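Here is what each chain is made of, one letter per residue.
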Amino acid sequence: MAWFRNLVKFSSLKSSLRPRTPTSPFPNTLFVSILQFSSQPNPEPVRRPASHGLGPTSSKEKPRVVVLGSGWAGCRVMKGLDTEIYDVVCVSPRNHMVFTPLLASTCVGTLEFRSVAEPIARIQPVISRETGSYFFLANCNRIDPDKHVVHCQTVTEGVNTLEPWNFEISYDKLIIASGSEPTTFGIHGVEEHAFFLREVHHAQEIRRKLLLNLMLSDVPGISEAEKQRLLHCVVVGGGPTGVEFSGELSDFIMRDVHQRYAHVKNYIHVTLIEANEILSSFDDRLRHYATRQLTKSGVRLVRGIVKDVKADRIILTNDTEVPYGLLVWSTGVGPSSFVKSMDVPKSPGGRIGIDEWLRVPSAQDIFAIGDCSGFLENTGKQVLPALAQVAERQGKFLEELLNRIGKAGGGYANGAKDMEFGEPFVYKHMGSMASIGRYKALVDLRQSREAKGFSMAGFTSWIIWRSAYLTRVVSWRNRFYVAINWATTFVFGRDISRI
């Protein structure tokens, strides 16, 4: 057996000479605790250091750009950054971008959920293959501008999960694109009983609730009043999201519910509640057209203001009670709790204040784009609306600006203090579109509400609406999914499986 002993010695020597793999930015205790959690039914809590993470970059490394958020603005800037110049780190509570214009279609089965979700690794592949670039499923809790550090905490869901992990990331350039939160105006009961429509999981919850109510209403013994309540869908907010969801819902009722839930088809109906005019940013002629078409589709339009939300009804300011089985809240967006907690000058409306180059003037190397940001009053510019095209345009501008800074040698922390940034950001509105159901849509290409311009409505507008959004879907993979889903729905109807 001498040959076997020599073989063992040779293997030991070879393993000792093998190079070590690069270390992770996080300590091994995290992975040890994961293994313990997966192998033991009731593990003892693991004591960990307060925080670890990515330290400052050296002159031998690429400058690091940290992006907070994975919405329209954050993903657009990540997509265009020159990865030969920068390492890219994204911190977000979701690992995908949501194509929000088509989100309402997923609630009723017109599209599948994966059709509107684009993985971050597909938008910026270096995050999954380069050693200096990362994606972290986490929230940013605090920013230290003096030290160029962001403090983050991992996202955990459910009961039987690990405790949140705190860590730090040093940045050379920081882009805050953390988005916004739904506005509830402090109305009691909205958070507890209403559904929002901003994320894929919101659409999944709406779809499950809608199909559950349809099936429960068919159970023997349900009273007439309860059946009417279960099948009453109420949408609060007459903006594009609320109108498009109401249109999709009315199409679903007229084509699919009437065929597959014949016993309750006369009970289900939709009410859209708006304090003023629906689609207030659109041309007057288009608004009137939308009102007529929604009414024809069976959507009841109510002008009123909600003052209280109960588990089974909402109460308006005139004390009218509206029973509901499904309540969708889409009254606009406002600053998130993270934005409110930041100690920086704010724009009108409470967003992070920025200058003409999208910089946060009170902090070096920090930029803010998308719904979380707004021009400061001293710039003389109005705060831009919280639209996808605004966020995308800002992301494109900032990506080009950072690439120029990096090529000029200013990519590292405090490296662009004395640089000229060139032309400031200028936003030009490209128009608005909205689907209203029954193969009809609105197209308004005016640059502002007061300006003159081209606008149209009807079937041709619906073709334009679908074509425009199909081309705006980020990847060819998802464009294929969307086209196939549309074709399948047209031929076979919507999927009504409650999964």
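Reading the values: rules and limits
- Residues numbered from 1 in each chain as written.
- Predicted model: local features only at pLDDT ≥ 70, side-chain atom pairs only at ≥ 80, totals over all residues.
- Heavy atoms only, no water.
- Helix = DSSP H or I, 4+ residues; strand = E, 2+ residues; numbered from the N terminus.
- Buried < 20%, exposed > 50% of the residue type's maximum accessible area, 1.4 Å probe, protein only.
- Contact = heavy atoms within 4.5 Å.
- Areas by Shrake-Rupley, 256 points an atom, 1.4 Å probe, with all protein chains shown as cover.
- Pairing = 2+ DSSP bridges.
- Axes fitted to C-alpha atoms, helices over the stretch in contact; angles between N-to-C directions.
- Salt bridge = Lys/Arg side-chain N within 4 Å of Asp/Glu carboxyl O.
- Expected span 1.5 Å × (residues − 1).
- Arc of directions from axis to C-beta.
- pLDDT = per-residue confidence, 0-100.
- Parallel < 35°, antiparallel > 145°, perpendicular 65-115°, else oblique.
- Left-handed = near helix turned anticlockwise from the far one by under 90°.
- Nonpolar A, V, L, I, M, F, W, Y, C, P; charged D, E, K, R; others polar.

Details of the overall build of the chain
The helix and strand tally for the chain stands at 15 helices and 24 strands. Across the 499 residues that make up the chain, the buried fraction comes to 49%. Look at the contacts in the chain between residues 6 or more apart in sequence, and 66% of them connect residues 24 or more apart. Surface summary for the chain: the accessible area is close to 25300 Å², and the carbon and sulfur share equals 53%.

A short note on the sheet that holds strand E1 (residues 52-54)
An order of E1-E8-E7-E6-E3-E2-E9-E20 is seen for the eight strands of this open sheet, with the pairing classed as mixed. Of all strands in the sheet, those with a lone pairing partner are E1 and strand E20 (366-368), marking the two edges. The average undirected angle you get between the axes of adjacent strands in this sheet is 35 degrees. Together, strand E2 (64-68), strand E3 (87-92) and strand E9 (173-176) form the strand contacts of helix H3 (residues 72-80), whose direction differs from that of E2 by roughly 160 degrees. The strands touched by helix H13 (residues 388-407) within the sheet are E9 and E20, with E9 carrying the most contacts at an inclination of about 175 degrees.

Description of the pattern of salt bridges
Applying the stated criterion across every chain, the model contains 19 salt bridges. For Lys307, the salt bridge identified is with Asp319, shortest N-O distance 2.7 Å. Linking Lys307 in strand E14 (residues 306-309) with Asp319 in the loop between strand E15 (313-316) and strand E16 (321-323), this pair joins segments that are twelve residues apart in sequence. A salt bridge links Asp355 to Arg359; its shortest N-O distance comes to 2.8 Å. Taking relative accessible area as the criterion, Asp355 reaches 10% and is therefore assigned buried. Looking at Arg359, the relative accessible area reads 27%, which means it is partly exposed.

Focus on helix H8 (residues 200-216)
Helix length check: H8 (17 residues) gives 24 Å between terminal C-alpha atoms against 24 Å at 1.5 Å per residue, within 8%. Within H8, burial applies to Val200, His202, Ala203, Ile206, Arg207, Leu210, Leu211, Asn213 and Leu214. The buried residues of H8 occupy an angular sector of 160 degrees when the element is viewed end-on, so they sit on one face.

Concerning the sheet that holds strand E22 (residues 432-437)
Read across the open sheet, the three strands follow the order E22-E23-E24; overall the sheet is antiparallel. At either margin of the open sheet sits one strand with a lone partner, and together these are E22 and strand E24 (455-458). Taken pair by pair, the neighbouring strands of this sheet meet at an average axis angle of 10 degrees, ignoring direction.

Structural notes on the confidence of the model for the chain
In the predicted model, the chain carries a mean pLDDT of 89, and 89% of its residues have values of at least 70. Contacts for the low-pLDDT stretch residues 1-24, under 50 throughout, to residues beyond four places or in other chains number one contact. Ignoring residues within four places in sequence, the model shows residues 26-50, a span with pLDDT below 50, making 25 contacts including any to other chains.

Points about the packing of helix H14 (residues 459-472) against helix H15 (residues 476-492)
At a minimum axis separation of 9 Å, H14 and H15 run at an interaxial angle of 150 degrees. Judged on the interaxial angle alone, H15 and H14 are roughly antiparallel. Taken as a pair, H14 and H15 cross one another with a handedness that is right-handed. Contacts between H14 and H15 involve Arg466, Leu470 and Thr471 from the first element and Arg479, Val482, Ala483 and Trp486 from the second. Of the residues that constitute the contact of H14 with H15, the class distribution is four nonpolar, one polar and two charged.

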